[in-house]
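Okay, here's what each chain looks like letter by letter:
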Amino acid sequence: FDFGFKKAVIVVPGRTEALRYSYYFGKPYFDSGYNVLTIDQRSHGMSDGVYNTLGFEEHKDVIAWGRYLHDVHGVEAIVLHGNCIGCSCCLQVLTSPACPDYFSGMVAEGMYPNFYESFRNHMIEMKRPVHPCIDLVDMWMRIYTGHSMKRGPVDIIDQCTKPVLMLHGKQDAYSLPERAQELFEKCNSPKMLVWFDVGVHSQLRVNNMQGYDNAIKTFLSDYLELPEVS
């Protein structure tokens, strides 16, 4: 969605979510003067790929999307908005040696320490046996993708130097609030953490649209405002 701005957001959806779902998160960015790019991750929607790797490979795609915005459309600054596994993908973009300087920061809804823990909590919440299912899934992921669910944001968030906004629900049963607090404390970059009393995992905005959008607008204006060009 090219509104003629010099800034843009790339919305990186969560597992089983496609680009149309990401439209829902565009409004606060449009209000703040950002174009909006929504994408399908690997093996989702119209994108190629057999496996989704929780951001380990997908972050390279997001960097390529960013280069496209910058080189073809003249976008000068890009912020990332991630949901669930999209948070991991966005964080891997910002901590990659290949990340261009015009990636300016990220917004993360429902960030987890690693997907192994999120998967485990999901199984517990559904009252399903955790083992051996979770270990078999991780084994097959390592065999087919070369990556493990046991690695994730907790291993790299201290390497991030770009501003980070974490949006998190106190009712999140998959990415536990206390673990989100630990991630926030480990993050060494400029950062904000906004809590929401109502809303389970990846369902915060629908329960408090004004609070959600205002948190993003505040973050964009206070942490990512481009300097005036004389």
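Computed from a predicted structure; not experimentally measured. (Residues numbered from 1 in each chain as written. Predicted model: local features only at pLDDT ≥ 70, side-chain atom pairs only at ≥ 80, totals over all residues. Heavy atoms only, no water.)

A. Structural detail: the packing of helix 5 (residues 115-125) against helix 6 (residues 133-145). Look at helix 5 against helix 6: their axes get within 10 Å of each other, and the N-to-C directions meet at 145°. Of the two possible hands of crossing, helix 5 and helix 6 adopt the one that is right-handed. Contacts between helix 5 and helix 6 involve Tyr116, Phe119, Arg120 and Met123 from the first element and Cys133, Ile134, Asp135 and Val137 from the second. In the contact of helix 5 with helix 6, the residues fall into six nonpolar, no polar and two charged. (Axes fitted to C-alpha atoms, helices over the stretch in contact; angles between N-to-C directions. Helix = DSSP H or I, 4+ residues; strand = E, 2+ residues; numbered from the N terminus. Left-handed = near helix turned anticlockwise from the far one by under 90°. Contact = heavy atoms within 4.5 Å. Nonpolar A, V, L, I, M, F, W, Y, C, P; charged D, E, K, R; others polar.)

B. Expanded view of the pairing of strand 2 (residues 34-38). With five of its five residues buried, strand 2 lies for the most part within the structure. Of the two faces of strand 2, the one holding Tyr34, Val36 and Thr38 and the one holding Asn35 and Leu37 are both buried throughout. Here strand 1 (residues 7-12) pairs with strand 2 via five bridges, running parallel. Within the sheet, the bridge partner assigned to isoleucine 10 lies in strand 2 and is leucine 37. (Buried < 20%, exposed > 50% of the residue type's maximum accessible area, 1.4 Å probe, protein only. Pairing = 2+ DSSP bridges.)

C. Local environment of the sheet that holds strand 6 (residues 191-196). What the six strands build is an open sheet, ordered 2-1-3-4-5-6; its pairing is parallel. The open sheet has two free edges, formed respectively by strand 2 and strand 6, since each of these has just one partner strand. Averaged over all adjacent pairs, the angle separating strand axes in this sheet is 15°, with direction ignored. Here strand 4 (residues 103-109) runs beside strand 5 (residues 164-169); their pairing, made up of four bridges, is parallel. Across the sheet, residue alanine 108 finds its bridge partner in strand 5, namely methionine 166. Along the sheet face, helix 8 (residues 209-223) touches strand 2, strand 3 (77-83), strand 4, strand 5 and strand 6 and points at about 170° away from the line of strand 6.

D. A look at the packing of helix 3 (residues 58-73) against helix 4 (residues 85-94). Between helix 3 and helix 4, the shortest axis-to-axis distance is 8 Å and the interhelical angle comes to 65°. At the point where helix 3 passes helix 4, the crossing takes the right-handed sense. Contacts from Glu58, His59, Val62 and Ile63 of helix 3 reach helix 4 at Cys89, Gln92 and Val93. Broken down by class, the residue content of the contact of helix 3 with helix 4 amounts to four nonpolar, two polar and one charged.

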